[in-house]
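The chain contents come next:
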Amino acid sequence: MDWMFVLKLFVTLLVVLGAIAVVLGFPGTFLSWLGLVVFSLATRFAEISGWALLGTFVGCLLIELADNLLAGILVKRFGASKGSMLMAWVGGIGGAMVGGFIGSIGGFFGSALLGVAGAFVGSYAAVYLWERNRHKRPHSDAARAAFGTVLGRLLGMALKLGWIGWFLSLVW
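Given the structure is predicted, the values throughout are model-derived calculations rather than measurements.

Visitor: It is not clear to me how the layout of surface pockets should be interpreted in this structure. Could you clarify?
Guide: Over the atoms, a rolling probe the size of a water molecule traces out where space has been left empty. Volume-wise, the largest pocket comes out at about 340 Å³. Taken together, 18 residues make up the lining of the largest pocket; nearest its centre are Asp67, Asn68, Ala71, Trp89 and Arg153. For the lining of the largest pocket, a count of residues per class yields 10 nonpolar, 4 polar and 4 charged. Approximately 260 Å³ is the volume found for the second largest pocket. Taken together, Ala19, Ile20, Val23, Leu24, Ala96, Phe108, Phe109, Ser111, Ala112, Gly115 and Val116 form the lining of the second largest pocket. Of all the elements in the fold, those that place two or more residues in the lining of the second largest pocket are α1 (3-23) and α5 (107-134). Take the lining of the second largest pocket: its biggest share by element is 6 residues, from α5. A per-class count over the lining of the second largest pocket returns 9 nonpolar, 2 polar and no charged.

What counts, and where the lines are drawn
Residues numbered from 1 in each chain as written. Predicted model: local features only at pLDDT ≥ 70, side-chain atom pairs only at ≥ 80, totals over all residues. Heavy atoms only, no water. 1 Å grid on protein atoms, 1.4 Å probe; cavity = no way out; pocket = protein on both sides within 12 Å on 5 of 7 lines; lining within 4 Å. Points joined across faces, edges and corners; volume = space filled by probe spheres on them. Nonpolar A, V, L, I, M, F, W, Y, C, P; charged D, E, K, R; others polar. Helix = DSSP H or I, 4+ residues; strand = E, 2+ residues; numbered from the N terminus.

Listed below in structure tokens is the structure:
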């Protein structure tokens, strides 16, 4: 087996782990970027230059900043409190774990699919309950705030996953 093929598979694994981290609410763009670093070092910068690595790192910083700004703008636009962003993250992690556990009955793909769905359902539920119970908001306001928070998370995630997908195109 060709060592370059094995290297590309290893880098793809790091990129996929980064994408999973993004879905769970972590800054997985940097883990994916680490895959580019490994690839560049292993090929002695023949495939991806040091300047390209620097540019992609700055891009990761900007993508993470854009994700947070987007989430903050949508949280404010839909009337959620500042604590809702934290609750969306906590609910997303909890929902992903519960969904993954329930989905494990269906094997790997069931676990993965229900884990992702659970992350969104958990985010929505946590923000809704936070707004409803902590801030005593009526149902319609709490639902609107939860929707805005999840929408911000979804758009930020799409932005990050697009960036990570581009990383794979650099390697393959």
